[in-house]
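This is what each chain is made of:
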Amino acid sequence: MRLKPVVNPATGVRLLFDWRLARVVDANGVVFDEVVWSGKRSSGALADRLFDLQRGRLSPEARLLSQRFPEAKADGLGAMSDVDWPSLDDEESKMFEAAAPILAKRGVANAAGDTDRRLDMLVSAAAELRAAWTTSEARCIEWTGLFLAEVDLDAQRADIPAAVAGADSMESAAAELGVNPPVHSPSEAEWQVLHDHAHGVVDLTARLDAHEEAIRVMAHQYSPSLAALIGPLGAARLIVLAGGRERLARMPSGSLQVLGAHAAMAAHRRGAPPPKHGAILFSMPQISRSPRWVRGKIARFLAGKASIAVRCDHFGGETWTAEQVAEIHQETEAIKAKFPHPPKRGR
Amino acid sequence: MGAERRKRDGRIEWRRWDPTRSKVAASLMRCKGEAGELLPEVGSTCLYLGASTGSTVSHIHDHVCGAGNHHGGKVVAVDISPRMMRDLVRLAESREGLIPVLGDARLPMVSLHICLRKRVGCTRT
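Each value, and the rule that gives it
Residues numbered from 1 in each chain as written. Chains lettered and ligands numbered in written order. Predicted model: local features only at pLDDT ≥ 70, side-chain atom pairs only at ≥ 80, totals over all residues. Heavy atoms only, no water. Helix = DSSP H or I, 4+ residues; strand = E, 2+ residues; numbered from the N terminus. Expected span 1.5 Å × (residues − 1). Buried < 20%, exposed > 50% of the residue type's maximum accessible area, 1.4 Å probe, protein only. Arc of directions from axis to C-beta. Core = buried A, V, L, I, M, F, W, Y, C linked by side-chain atoms within 4.5 Å. Contact = heavy atoms within 4.5 Å. Axes fitted to C-alpha atoms, helices over the stretch in contact; angles between N-to-C directions. Parallel < 35°, antiparallel > 145°, perpendicular 65-115°, else oblique. Left-handed = near helix turned anticlockwise from the far one by under 90°. Polar contact = N/O pair within 3.5 Å; in protein donor to acceptor, adjacent residues only side chain to side chain. Nonpolar A, V, L, I, M, F, W, Y, C, P; charged D, E, K, R; others polar. Pairing = 2+ DSSP bridges. Phe/Tyr/Trp six-rings, centres within 6.5 Å; stacked < 30°, edge-to-face > 60°.

1. Examining helix α1 (residues 43-54) of chain A
All names here are of chain A. For α1, spanning 12 residues, the distance from its first C-alpha to its last is 16 Å, which sits close to the expected 16 Å at 1.5 Å a residue. Taken as a whole, α1 has its buried residues at L46, A47, R49, L50 and L53. Down the axis, α1 shows its buried residues gathered within 165 degrees of arc, on one side only. Just past α1, the residue G56 takes up positive phi, approximately 80 degrees.

Below you can see the structure in the form of structure tokens.
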């Protein structure tokens, strides 16, 4: 929006308006026509008007005048600098003061319509849940392993919480896991707590899955191309880290490449070498499973593609098809094949 | 947030204005000249940008409007965040003359200019 008075060069006639009235004024300040809000005035109706005005729409009076004077240039902010504009009387300022909180409350309620905010809540909740899950799950495994010395804590790891949660004593848990009963059994109170803890882990696992499924659904809807390219969970995390889809779409691909590498970027500013990729890009197998010396090249390439993908999503471009995405992934393989050996040192 | 420190002295109530939490309070403390000159005139119209939940705003409001707005002032408090606006709207319900506005102060705000056609008392971020 411009702050300078907008004057139609052909005629110099401007259409000025605020919530009370609209006027058609020429460059010398001569008023040609004026329409005043004549309907029933209430603070609720005023809040509706202000809501429209804030979105840059014309008031009904201004619309009427723009039909009468099609050559007049509408200037939503012109009334602010017009010295002849009538000031508010007491009743009008009372009404305005009553309408402002209504408008603010409406804005607060409308914040839930913002997908960026909803995605932020969902992704942050899932991240916290995952942090809780890793801690709890590891404790459950160690705790059970202390009693059942013969359980294979790696191969049977996934079965342990469910086995303990489903058993009514340590002995039956041992039978469930196919090992000998413990030499020392936990006390009754101890077993109860251990059993509930395992229940908690099983619950957390189910909740975490549900959370991530919800994120997947949302990311596929909100940013389909980016979700197809780097996976829905990664796409959602990128959007949240950038602070919204719009901000991610406006980001240079170099910034997208290092999203999630804040500490490394801070170190880079103090002279360390720059990070090759952020945490989210690194979670893609194309980068994390590649040899060290091509990771930077692939990350740069994929970040470039990802920034194009999110721009397609945000600015209404065509959604990428699975074939297009597969083509990009093939190209990463080509980059990898081009550099089969580490670069020579000391040059 | 802890409870606000209040003290009653007859009809007058004192509220603690913490200079470590409010830039306005801090600048009043560090002011070398007449500290009162930094504050807007009693009964004027103020625009406060970046009002947040309104702790500093409430003190400006006390100064400009007084209890029940007996000075007839106005404080227009602008913030961009709906989360902060939630608390600010509740504050405005109990303080006459405090006008909460949810919006981006970098964009010209159409709704603002109407109430600010009078001379603006102060602008802060």
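2. A word on the nonpolar core
Residues and elements named next belong to chain A. Counting 39 residues, the largest nonpolar core has L226, L229, L238 and L248 as its most contacted members. For this core, the secondary-structure elements that each account for two or more residues are α5 (115-147), α8 (188-222), α9 (224-230), α10 (232-242), α11 (245-249), α14 (279-282), α16 (292-314) and α17 (322-338). In terms of residue count, the dominant contributor to this core is α16 (10 residues). What L238 contacts, discounting residues up to four positions off in sequence, is L226, I230, L248, L256, L259 and I280. In terms of nonpolar packing, the next biggest core, distinct from the first, is built from 28 residues, L15, W19, A47 and A62 among them.

3. Regarding unusual backbone geometry
Across residues other than glycine, the phi torsion is negative in most instances, and most of the peptide bonds are trans. Residue and element names in this part refer to chain B. If you check the backbone angles, S52 has positive phi at about 55 degrees while not being a glycine. Structurally, S52 is set in the loop between β3 (45-49) and α2 (55-64). Overall, S52 belongs to the partly exposed group, its relative accessible area being 29%. The backbone of N69 shows a phi angle near 55 degrees, a positive value even though the residue is not glycine.

4. Side note on the packing of α16 of chain A against α17 of chain A
Residue and element names in this part refer to chain A. Interhelical geometry of α16 versus α17 gives an angle of 160 degrees and a closest axis separation of 10 Å. With respect to α17, the element α16 is oriented roughly antiparallel. Regarding α16 and α17, the two cross each other, and that crossing is right-handed. Contacts from V294, K297, I298, F301, L302 and K305 of α16 reach α17 at I328, E331, T332, I335 and K336.

5. Notes on the side chain of H61 of chain B
Residue and element names in this part refer to chain B. Tracing the sequence through the fold places H61 in helix α2. From its side chain, H61 meets the backbone oxygen of E96 in a polar contact 2.8 Å long. With residues up to four places along the chain from it excluded, the contact list for H61 reads G66, V75, R95, E96, G97 and L98.

6. Observations concerning the packing of α1 of chain A against helix α4 (residues 90-110) of chain A
Residues and elements named next belong to chain A. Remark: α1 packs on α4, axes separated minimally by 8 Å, with the N-to-C direction vectors making an angle of 60 degrees. It follows that α1 is oblique to α4 by the angle criterion. The chirality of how α1 crosses α4 is right-handed. For the pair α1 and α4, the contacting residues are S43, G44, L46, A47, D48, L50, F51 and Q54 in the first and M95, F96, A98, A99, I102, L103, R106 and N110 in the second. Taken together, the residues of the contact of α1 with α4 sort by class into 10 nonpolar, four polar and two charged.

7. Some remarks on the sheet that holds strand β2 (residues 21-25) of chain A
Residues and elements named next belong to chain A. Across the sheet, four strands lie side by side as β3-β2-β1-β4; this open sheet has mixed pairing. Each of the sheet's edge strands pairs with one partner strand only, and the pair in question is β3 (31-36) and β4 (73-75). Looking at each pair of strands side by side, their axes are set apart by 20 degrees on average, direction ignored. Two strands pair when backbone bridges link them, and strand β1 (residues 14-17) and β2 are joined in this way by four bridges, in the antiparallel orientation. Across the sheet, residue R14 finds its bridge partner in β2, namely V25. Of the strands in this sheet, β1, β2 and β3 touch helix α2 (residues 60-68), which is tilted by about 145 degrees from β3.

8. Details of the pairing of β2 of chain A
Residues and elements named next belong to chain A. Taking burial as the measure, the five residues of β2 include five buried ones, the bulk of the element. Neither face of β2 is left uncovered, since the one carrying L21, R23 and V25 and the one carrying A22 and V24 both have all their residues buried. Hairpin geometry of β1 and β2 is characterised by an intervening segment of three residues between the two adjacent antiparallel strands. Bridging between β2 and β3 involves five bridges; their strand directions are antiparallel. The partner of L21 across the bridge, within β3, is V36. Counted between consecutive antiparallel strands, the loop separating β2 from β3 contains five residues, among which G29 sits at a positive phi close to 85 degrees.

9. Let's talk about the packing of aromatic side chains
The geometry of an aromatic ring pair is captured by the separation of the ring centres together with the interplanar angle, meaning the angle of the planes. Residues and elements named next belong to chain A. All told, the structure shown has two aromatic pairs over all chains when counted by the stated rule. Considering the side-chain rings of W19 and W37, the 6.3 Å spacing of their centres and the 80 degrees angle between planes classify their relative orientation as edge-to-face. Of this pair, W19 sits in the loop between β1 and β2 while W37 is found in the loop between β3 and α1, placing the two residues 18 residues apart along the sequence. The buried category is assigned to W37, whose relative accessible area is 9%. Seen from their ring centres, W19 and F96 are 6.5 Å apart, and the 20 degrees between their planes marks the pair as stacked. Placement of the pair is W19 in the loop between β1 and β2 and F96 in helix α4, with a sequence separation of 77 residues.

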